[in-house]
Amino acid sequence: MATPEPARSRAARLLFAILLLAVTALAQSAPRIGLVTMEPGPEYWSRFGHNALLVEDAERATLYNYGYFDFDQPGFLTRFLQGRMLYQLVALPLERDLAGYAAEGRGVSLQWLALSPAASTELAAFLAHNARPENAEYRYDYFTDNCSTRVRDALDRALGGELSRQLRGRSHGYTYRSEARRLAASLPWMYFGIHLGLGPFTDRPLSLWEEGFIPMRLREAIAEARTAGGEPLVRETRELLPHRLAPSAAEPPAWRSGFVLVGIALALGFTWLLTPRAGTLRRRAGAVMLIALWVLFGLGGLGLLALWGFTDHAAAWENENALLFNPLCLLLLAAIPALWRDRPIRRWLQRVALAVALCGGLALFLKFLPFRIQDNGDWIALLLPLHTALALRLAQRGASDPAHPRRDNR
């Protein structure tokens, strides 16, 4: 004869069955979350690549992009110059967003993530809430708060901080500058502008967490990450679109020797052009070229100082290149008439030229201080020989020579 099952045991089994059904229902209703990474494009604003979060449920596949901006937005240019750009989180159907990348030939990959049903549901709700018009805008920063760092932070939030715990203590030795130079190398004007305009903030080694400002680096980190339970975070990787453009460089270009050679060539060239008793054509050619260079250096230096003193572009603050692209060069334009007419250079202009050369020497000296880490050796190699040669040549042209009677140059 069977023994009746105790009421407490039946209740426990019923509760377990209810919980099992609830968990099964939750798992079936929870969306899938994927990291979608777009390769760099040909335009300057797409050179760093892009990424977004894909939320797929039974009804639709929605791509959440933190990288939208509008050139026609009122005040966009002013905010861009001030370092106060406003970007948006935009939700789009997956197929619609992929069409633009397919037309450009940019590759797109998808990593399905092993998030729990509860984490997936919470992340989907978080993204939907932040994509509302009243919540969509955020203050953009190229290195610390961009489309990729927003995606990284949203995933870390869903994982309870597990992603940051795994990535913060490790580093490949990359810097913000090295990554920016690497990805901008195919556009020379962008490469040189970035290399000139970035200050020491961009030259410290980054953790894997900070490297996530580059979408492709975040993809690599996610591929190696684990859940809190020790399982791989990526369940499946798929190629959504093939990449038909030239791949980005693996390392930033090593052009130091080119900077050195051009710097020496400029120094020797102007030494020859401005030789006392040089022919009229040679001397005036040198004067015309000096106008272009001194205007470039002077206005460039003012621009670097303006970025530091009057904008929120923190990556450009304390830029030692202002010692090389020196605003004092604008004062040296007063020497052009004397050079044009083959007259002695006034003494105060000789002193300004000497000050410019000494500022370049100071930029070199700062490389030997352990607390100054700016990677601007290229610009020192290019401009210090030129500034030194010009200071020496202007000092020589201030002295009396057989072509000119002695006069008071004060």
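Now for a quick tour of the structure. These numbers were taken from a predicted model, which means no experiment stands behind them.

Turning next to the packing of aromatic side chains. The final tally for this structure, using the stated rule, is 21 aromatic pairs. Where Tyr66 meets Tyr138, the ring centres are 6.0 Å apart and the plane angle is 75°; that geometry is what we call edge-to-face. Placement of the pair is Tyr66 in strand β3 (residues 61-68) and Tyr138 in strand β6 (residues 137-139), with a sequence separation of 72 residues. Taken individually, Tyr66 and Tyr138 each receive the classification buried, so the pair is uniform in this respect. Taking 6.4 Å as the distance between ring centres and 70° as the angle between the ring planes, the aromatic pair formed by Phe192 and Trp379 counts as edge-to-face.

Before going further, it helps to examine a nonpolar patch on the surface. On the surface, Ile291, Val295, Leu299, Leu302, Leu305, Trp308 and Trp317 cluster together into a nonpolar patch covering about 600 Å² of accessible area. By secondary structure assignment, the location of Val295 is in helix α12 (residues 280-310).

Not every positive phi belongs to a glycine, and Glu318 is a case in point at roughly 60°. Accessibility expressed as a relative area gives 38% for Glu318, which makes it partly exposed. The backbone of Asp342 shows a phi angle near 60°, a positive value even though the residue is not glycine. Topologically, Asp342 is positioned in the loop between α13 (336-341) and α14 (347-365). By relative accessible area, Asp342 is classed as buried at 14%.

Using the criterion set out here, one finds 23 salt bridges in the structure. Put simply, Glu56 and Arg32 hold a salt bridge, and the shortest N to O gap is 2.8 Å. Note that Glu56 is positioned in strand β2 (residues 50-56) and Arg32 in strand β1 (residues 32-38), a separation of 24 residues in sequence. In this structure, Arg177 engages Asp203 in a salt bridge whose closest nitrogen and oxygen atoms are separated by 2.6 Å. Highlighted residues: Arg177 in helix α7 (residues 176-184) and Asp203 in the loop between α8 (188-197) and α9 (208-211), separated in sequence by 26 residues. It is possible to trace a salt-bridge network through shared partners that takes in Glu179, Arg182, Arg217 and Glu220.

Okay, helix α3 (residues 94-104) next. Buried within α3 are the following residues: Leu94, Asp97, Leu98 and Tyr101. What you see down the axis of α3 is that its buried residues fit within an arc of 95°, all on one side. Exposed residues on α3 whose side chains face more than 90 degrees from its buried face are Glu95, Arg96 and Ala103. Looking at the buried residues of α3, the elements they touch are β1, β2, β3, β4 (86-93), β5 (108-113) and β7 (234-241).

Once that is clear, we can look at the sheet that holds β1. Ordered in space as β6-β4-β3-β2-β1-β5-β7, the seven strands form an open sheet in which the pairing is antiparallel. Edge positions in the sheet fall to β6 and β7, since each has one partner strand and no second. When strand polarity is set aside, the average angle formed by the axes of neighbouring strands in this sheet is 25°. Sheet topology note: the β3/β4 ladder contains five bridges and is antiparallel. Bridge pairing in β4 places Thr62 opposite Pro93. Across the sheet, α3 lies against β1, β2, β3, β4, β5 and β7, angled at about 110° from β4, the strand it touches most.

So, on to the side chain of Asp203. The exposure class of Asp203 is buried, given its relative accessible area of 10%. Reaching out from Asp203, the side chain makes a polar contact with the side chain of Arg177 at a distance of 2.6 Å. Apart from residues lying up to four places away in sequence, Asp203 is in contact with Thr175, Arg177, Ile373, Gln374 and Asp375.

Attention shifts here to the side chain of Glu162. Looking at where Glu162 falls in the secondary structure, it is placed in helix α6 (residues 162-167). For Glu162, a relative accessible area of 16% gives the class buried. Looking at Glu162, its side chain comes within polar contact range of the side chain of Arg165, at 3.1 Å. Setting aside chain neighbours within four positions, we find Glu162 in contact with Asp156, Arg226, Thr227 and Ala228.

Next up on the list: α7. The element α7 is extensively covered by neighbouring structure, given that nine of its nine residues are classed as buried. Against α8, α9, α10 (215-224) and α15 (377-398) lie the buried residues of α7.

Reading guide: rules and limits
- Residues numbered from 1 in each chain as written.
- Predicted model: local features only at pLDDT ≥ 70, side-chain atom pairs only at ≥ 80, totals over all residues.
- Heavy atoms only, no water.
- Phe/Tyr/Trp six-rings, centres within 6.5 Å; stacked < 30°, edge-to-face > 60°.
- Helix = DSSP H or I, 4+ residues; strand = E, 2+ residues; numbered from the N terminus.
- Buried < 20%, exposed > 50% of the residue type's maximum accessible area, 1.4 Å probe, protein only.
- Patch = residues over 30% accessible without salt bridge, like charges linked within 9 Å, V, L, I, M, F, W, Y side chains within 5 Å.
- Areas by Shrake-Rupley, 256 points an atom, 1.4 Å probe, with all protein chains shown as cover.
- Salt bridge = Lys/Arg side-chain N within 4 Å of Asp/Glu carboxyl O.
- Arc of directions from axis to C-beta.
- Contact = heavy atoms within 4.5 Å.
- Pairing = 2+ DSSP bridges.
- Axes fitted to C-alpha atoms, helices over the stretch in contact; angles between N-to-C directions.
- Polar contact = N/O pair within 3.5 Å; in protein donor to acceptor, adjacent residues only side chain to side chain.

So yeah, pure geometry; function would need other evidence.
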